[in-house]
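# Commentary on secondary and tertiary structure
Listed here are the chains, written in short residue letters.
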Amino acid sequence: MQITFQGWMRAVWLSLIEPADIARETLKQSYPTQALWLAIALIAVLHVLMFAAVQALVPAPEGAAAVSMSPFGLAGLIGMSLALMIYALFYSGRALDGDGDLHGTLTLMVWFHAVSLTVEAIQIPLVLISPYMAALYSMIALGGLLWCILNFINVLHGFKSIAKSLVVLVMALVGMGLIGGLVLAVLGVNPGGAT
């Protein structure tokens, strides 16, 4: 299967404006679990590369907190966060009588983060053109991504309410924050990234 730039961007656009349909189509695919976890690892690495690109193009303002982690440590932290989010969405949905499974959660989260990375990548040239345009784009993109993930959760767990999906998302974020904080504390990592 050949993927073109136009085809990819159309799929990303449809994920933002018709997320429920895209979620149903994505869940019909039978991707191997190992390949999906490898995709999560790749997404973590791409996040680090994008972060490095933004830092190179747009220097941080004076007084801003610097990230002192190595690229490998940062990729590991992002990968752990992505994995925690997948499990948190799965168990939070099940707690509210959702019928989604872990493989479906993993599948949809891989696609969601691929969409999110694409949306974020578009913002990089906008920052160079106009910070105000980039800020406006960022707000619109955030709204689109929120709508996307809420619909993905809705389809995944068979809910009939976006409000219920919002509750699942909030529960997942709170649970992920608590568990992630405990893991970092056990590893001896402080918010500045030092051990």
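Residues numbered from 1 in each chain as written. Predicted model: local features only at pLDDT ≥ 70, side-chain atom pairs only at ≥ 80, totals over all residues. Heavy atoms only, no water.

## What to know about the nonpolar core
To keep it simple, the criterion reads: What we call a nonpolar core is a set of buried Ala, Val, Leu, Ile, Met, Phe, Trp, Tyr and Cys residues that are connected through their side-chain atoms within 4.5 Å. When a residue's accessible area, from a 1.4 Å probe over protein chains only, is under 20% of the maximum for its type it is buried; when over 50% it is exposed; and in between it is partly exposed. In this description a helix means any DSSP run of H or I spanning at least four residues, a strand means any run of E spanning at least two, and both kinds are numbered starting from the N terminus. Whether two residues are in contact is decided by their heavy atoms: any pair within 4.5 Å suffices.
Counting 40 residues, the largest nonpolar core has L89 and F152 as its most contacted members. At the level of elements, α1 (5-17), α2 (19-28), α3 (33-57), α4 (71-95), α5 (102-129), α6 (131-157) and α7 (162-187) are the ones that each hand at least two residues to this core. Residue contributions to this core peak at 11 residues, all from α5. The residues contacting F152, other than those within four sequence positions of it, are P19, I22, A23, L108, W111 and F112.

## Observations concerning α2
Convention followed: Working definition: the arc comes from the directions between the helix axis and the C-beta atoms, pointing outward to the latter.
Restricting attention to buried positions, one finds in α2 the residues P19, A20, I22, A23 and T26. For α2, the angular spread of the buried residues around the axis is 160 degrees, confining them to a single face. Against α1, α5 and α6 lie the buried residues of α2.

## Re the confidence of the model for the chain
Formally: Each residue carries a pLDDT score, the predictor's own confidence in it, on a scale running from 0 to 100.
With 88% of its residues at a pLDDT of 70 or more, the chain shows a mean pLDDT of 86. When the elements of the chain are averaged for pLDDT, α7 gives the smallest value, 86, and α2 the largest, 94.

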